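Survey of secondary and tertiary structure
Each chain, letter by letter, is given below.
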Amino acid sequence: MATTDISMWRRVLRDPQLRELPYKIETNEYGQLVMSPHTPFHSRHQSRLLRALDEHVTRRGEATIEFAVETSKGVKVPDVVWLSDERWAQIPEDAEASPVMPELCVEVRSEGNTDAEMREKRRLYLDEGAQEVWICDADGRLRFFDLTGERDQSALAPGCPSVVASAD
């Protein structure tokens, strides 16, 4: 990632006005801020996905929410990620955005997300080292992808349901 992208990201992290915004903030390849609003149901899907990863990934590692990662197209913040202990160990403790791509990145689709945006993020994460990318639609349905394309189920979290929404 270019130095100007990290400089912009550092400014974002230190700006008290931006900290209070109810938006997910990322940067793009041009050093511009990209903000996406979150709804309560978006956050609910994130929580359910985190629990599903904790339950179904059998390797040693940890899942987390809103994980800033450096990419060739700016700092991106997948909604939920899972990293093995080995990848966690490669991240410097003072990193403001991870230089290490998680094995698994999940994007929860918001109303404003386009199909093209989801394809671009999926390609970016996979090209930069993710083994899988999941897309969670507004209704909680999951689609699983790896470098070969769409899969019927996750290889990293076998047995993970393809829907994270409850019947309530």
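Here's a quick rundown of the structure.

Each value, and the rule that gives it
Residues numbered from 1 in each chain as written. Predicted model: local features only at pLDDT ≥ 70, side-chain atom pairs only at ≥ 80, totals over all residues. Heavy atoms only, no water. Helix = DSSP H or I, 4+ residues; strand = E, 2+ residues; numbered from the N terminus. Buried < 20%, exposed > 50% of the residue type's maximum accessible area, 1.4 Å probe, protein only. Contact = heavy atoms within 4.5 Å. Areas by Shrake-Rupley, 256 points an atom, 1.4 Å probe, with all protein chains shown as cover. Pairing = 2+ DSSP bridges. Axes fitted to C-alpha atoms, helices over the stretch in contact; angles between N-to-C directions. Polar contact = N/O pair within 3.5 Å; in protein donor to acceptor, adjacent residues only side chain to side chain. Phe/Tyr/Trp six-rings, centres within 6.5 Å; stacked < 30°, edge-to-face > 60°. Lys NZ or Arg CZ within 6 Å of the ring centre and 35° of its normal. Salt bridge = Lys/Arg side-chain N within 4 Å of Asp/Glu carboxyl O.

Below, the discussion takes up the overall build of the protein chain. Counting its regular elements, the protein chain contains five helices and 10 strands. Sorting the 168 residues of the protein chain into buried and exposed places 45% on the buried side. Relative to all contacts within the protein chain whose residues are 6 or more apart in sequence, the contacts with residues 24 or more apart total 56%. Here the protein chain displays about 9000 Å² of accessible surface, and carbon together with sulfur accounts for 48% of that area.

A few words now on the sheet that holds strand S8 (residues 132–136). Taken in spatial order, the six strands make up an open sheet running S3-S6-S7-S8-S9-S10, and their pairing is mixed. Both outer strands of the open sheet, strand S3 (61–65) and strand S10 (149–151), are each paired with one neighbouring strand and no more. Taking each pair of neighbouring strands and ignoring which way they run, the sheet shows an average axis angle of 25°. Along the sheet face, helix H3 (residues 40–56) touches S3, strand S6 (80–84), strand S7 (104–108), S8 and strand S9 (142–146) and points at about 175° away from the line of S3. Sheet strands in contact with helix H5 (residues 115–127) are S7, S8 and S9, and its direction is about 160° off that of S8.

The subject of this paragraph is unusual backbone geometry. Here the phi dihedral of Glu 66 falls at roughly 55°; this positive angle occurs in a residue that is not glycine. The topology assignment puts Glu 66 in the loop between S3 and strand S4 (69–71). Judged by its relative accessible area of 30%, Glu 66 falls in the partly exposed class.

Time to look at the side chain of Thr 71. Structurally, the position occupied by Thr 71 is in strand S4. Classification of Thr 71 by relative accessible area gives buried; the value is 2%. Within the local environment of Thr 71, its side chain forms a polar contact with the backbone oxygen of Gly 74, the two atoms lying 2.6 Å apart.

Aromatic rings in a pair are described by how distant their centres are and how their planes are angled relative to each other. Throughout the structure, instances matching the rule amount to two aromatic pairs. Measuring from ring centre to ring centre gives 5.0 Å for Trp 134 and Phe 144, while their planes differ by 85°; the resulting arrangement is edge-to-face. Here the residue Trp 134 occupies a position in strand S8, and Phe 144 occupies one in strand S9, the gap between them amounting to 10 residues. We note that Trp 134, like Phe 144, is buried. Against the face of Phe 145 rests Arg 122, its NZ or CZ located 3.9 Å from the ring centre.

In total, this model carries 11 salt bridges according to the counting rule given. In this structure, Arg 87 and Glu 103 form a salt bridge, with 3.4 Å as the shortest nitrogen-oxygen distance. Within this pair, whereas Arg 87 is found in helix H4 (residues 85–89), its partner Glu 103 is found in the loop between H4 and S7, the two being separated by 16 residues in sequence. Neither Arg 87 nor Glu 103 differs from the other in exposure class; each is buried. Among the salt bridges present, the one from Arg 109 reaches Asp 115, with a minimum N-O distance of 2.8 Å. For Asp 115, a relative accessible area of 47% puts it in the partly exposed group. Linked through salt bridges whose partners overlap, the residues forming this network are Lys 73, Glu 120, Arg 123 and Asp 127.

Nothing here speaks to function; it is all geometry.
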